[in-house]
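Here are the chains, one letter per residue:
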Amino acid sequence: MKIDIHAHMYPEALTTVLARIRGDFPHVEFEESVNGVRFKVGMEEWTRPVPKSLTDVKKREEDLDQKGISLQLNAGWLDITGYSLPPQEGARWSRFLNEQLAAYLAGHPRFLPVATVPLQDGELAAKELVQAKRDGHVGVMIGSYIPGMGDLDSPHLDVFWQAAADESMPVIIHPVFTTHEPRTQKWGMINAISRPCETAVCLARLLYAGVPQRFAGLKLIVSHGGGSLPYLLGRMMRNYELLKGQQDDVFSPAEGFSLLYFDSVVFEPRALEFLLSLSSAERVLLGTDDPFPIGDPNPALVVERSHITPQDRQRIYVDNAMQLFGLSQSGVGGR
């Protein structure tokens, strides 16, 4: 048995339902094109067309068979999370997306839903986290940046982090597109380089702000093996040594790093071994980033080619996910 904790799904009927209740979301637009449906949500730009692979459950199940994966946790599509919507509309939008995702996956026991929340308002995000857990979502996935508002270390999110800790609800941090840097437009470098660097910036702020330490029991999972963060930890610690004598609101990034969890989407066995040497096999979980092309088409390969024990492979494949997400031993999908 293998459990994939990092994947994405788009409910096939979402726009059909949305068309009937369009008035509930005055700041959400969508349009059909020859390439598929695309969205404009809040102050953000029009999205790329929704990839067809995001909706094809049958093809995804075939892929899971090929990859030897028994259970996959699926968040939505981060391009339409709607963090720039007015808070109350954003809360309704998150509720709508979570309801649609849960309904879409309900007939497919190999898939479990992972919720979105309205990060533009910490109290509303906390409220949706609690409701999503009651509705059967096993975790929350959030973007690394809030358009028009800023970073995840903002004090307005303290109530959200506290709710996630109190509810023992895992939070997966996933990088978003935050830059139109011309130098990364070529050769797919936005995905290959910019996103991992965005993850490092986001996590550096959370670590210096002490979010993992200040909210005991918080389960933070970082996508893509932490991006470029693990390699920069020593440099961050040197910076911390310079800072700590000058200000009293800075926390040790190494201490916070030790409390994080990571997925295995790093592709290179030596990179996985390095991550494990900084963290531990108890804090790394199998991931694919399905169904995107930059995802791992053979997620077991990086684990099998790493110089780790069979017990550690078992932890990465199954045990850590079972424990962290509160899954039952008696089959996929049980809580």
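Residues numbered from 1 in each chain as written. Predicted model: local features only at pLDDT ≥ 70, side-chain atom pairs only at ≥ 80, totals over all residues. Heavy atoms only, no water.

Colleague: Outline the overall build of the chain, listing residues and values.
Modeller: Assigned secondary structure in the chain consists of 12 helices and 10 strands. Computed over C-alpha atoms, the radius of gyration of the chain comes to 19 Å, within 12% of the 20 Å expected from 2.2 N^0.38 for 335 residues, which places it in the range of a compact globule. Taking the principal axes of the C-alpha coordinates as reference, the chain spans close to 55 × 45 × 45 Å. The 335 residues of the chain split such that 56% are buried. Taking the contacts inside the chain whose residues are at least 6 apart along the sequence as the reference set, 73% of them involve residues at least 24 apart. Taken as a whole, the chain presents about 14,800 Å² of accessible surface, with 52% of it coming from carbon and sulfur. (Helix = DSSP H or I, 4+ residues; strand = E, 2+ residues; numbered from the N terminus. Rg over C-alpha atoms; globule rule 2.2 N^0.38 Å. Buried < 20%, exposed > 50% of the residue type's maximum accessible area, 1.4 Å probe, protein only. Contact = heavy atoms within 4.5 Å. Areas by Shrake-Rupley, 256 points an atom, 1.4 Å probe, with all protein chains shown as cover.)

Colleague: Give a detailed account of the packing of helix α4 (residues 122-134) against helix α5 (residues 158-166), specifying residues and quantitative values.
Modeller: The axes of two packed helices give the description: the angle between them and the distance between them. At a minimum axis separation of 7 Å, α4 and α5 run at an interaxial angle of 20 degrees. Compared by their axis directions, α4 and α5 come out roughly parallel. Handedness of the α4/α5 crossing: right-handed. In this structure, α4 contributes Gly-122, Glu-123, Ala-125, Ala-126 and Leu-129 to the contact, and α5 contributes Val-159, Phe-160, Ala-163 and Ala-164. Residues that form the contact of α4 with α5 fall into these classes: seven nonpolar, one polar and one charged. (Axes fitted to C-alpha atoms, helices over the stretch in contact; angles between N-to-C directions. Parallel < 35°, antiparallel > 145°, perpendicular 65-115°, else oblique. Left-handed = near helix turned anticlockwise from the far one by under 90°. Nonpolar A, V, L, I, M, F, W, Y, C, P; charged D, E, K, R; others polar.)

Colleague: How would you explain the environment of Ala-254 if you had to name every residue and give the values?
Modeller: Tracing the backbone through its elements, the reader meets Ala-254 in helix α9 (residues 253-257). Judged by its relative accessible area of 30%, Ala-254 falls in the partly exposed class. Residues Ala-254 and Ser-279 lie 25 residues apart in sequence; the distance between their C-alpha atoms is 9.9 Å. Excluding its chain neighbours within four sequence positions, the residues that come into contact with Ala-254 are Leu-233 and Met-237.

Colleague: Tell me what's going on with the packing of aromatic side chains, and back it up with residues and numbers.
Modeller: One pass over the full model with this rule turns up eight aromatic pairs. Seen in terms of ring centroids, Phe-25 and Phe-96 are 5.6 Å apart; in terms of plane orientation they differ by 45 degrees. Their pairing is tilted. Taken together, the residues span a long stretch of sequence, with Phe-25 in the loop between α1 (14-20) and β2 (28-33) and Phe-96 in helix α3 (residues 87-105) at a distance of 71 residues. On the accessibility criterion, Phe-25 (4% relative accessible area) is buried. By the ring-pair criterion, three or more aromatic residues cluster together here, those being Tyr-10, Phe-30 and Phe-39. In this structure, Lys-2 is placed above the aromatic ring of Tyr-317, and the distance from its NZ or CZ to the ring centre is 4.8 Å. Positioned above the aromatic ring of Tyr-261, the side-chain terminus of Arg-283 is 4.4 Å from the ring centre. (Phe/Tyr/Trp six-rings, centres within 6.5 Å; stacked < 30°, edge-to-face > 60°. Lys NZ or Arg CZ within 6 Å of the ring centre and 35° of its normal.)

Colleague: Please set out the environment of Leu-207 residue by residue, giving values where relevant.
Modeller: The topology assignment puts Leu-207 in helix α6 (residues 189-208). Overall, the relative accessible area of 0% leaves Leu-207 in the buried class. Each C-alpha atom of the pair Leu-207 and Gly-256 lies 5.5 Å from the other, and the pair is 49 residues apart in sequence. With residues near it in sequence (within four places) discarded, Leu-207 still touches Pro-212, Leu-229, Met-236, Phe-251, Ser-252, Pro-253, Gly-256, Phe-257 and Leu-260.

Colleague: Can you explain unusual backbone geometry? Please cite residues and give values.
Modeller: In this model, Asp-290 is joined to Pro-291 through a cis peptide bond whose omega is 0 degrees. Positioned with a positive phi, Trp-187 is a non-glycine residue whose angle comes to about 60 degrees. Assignment of secondary structure puts Trp-187 in the loop between β7 (171-174) and α6. Of note in the backbone geometry, Phe-267 takes a positive phi value of approximately 70 degrees without being a glycine.

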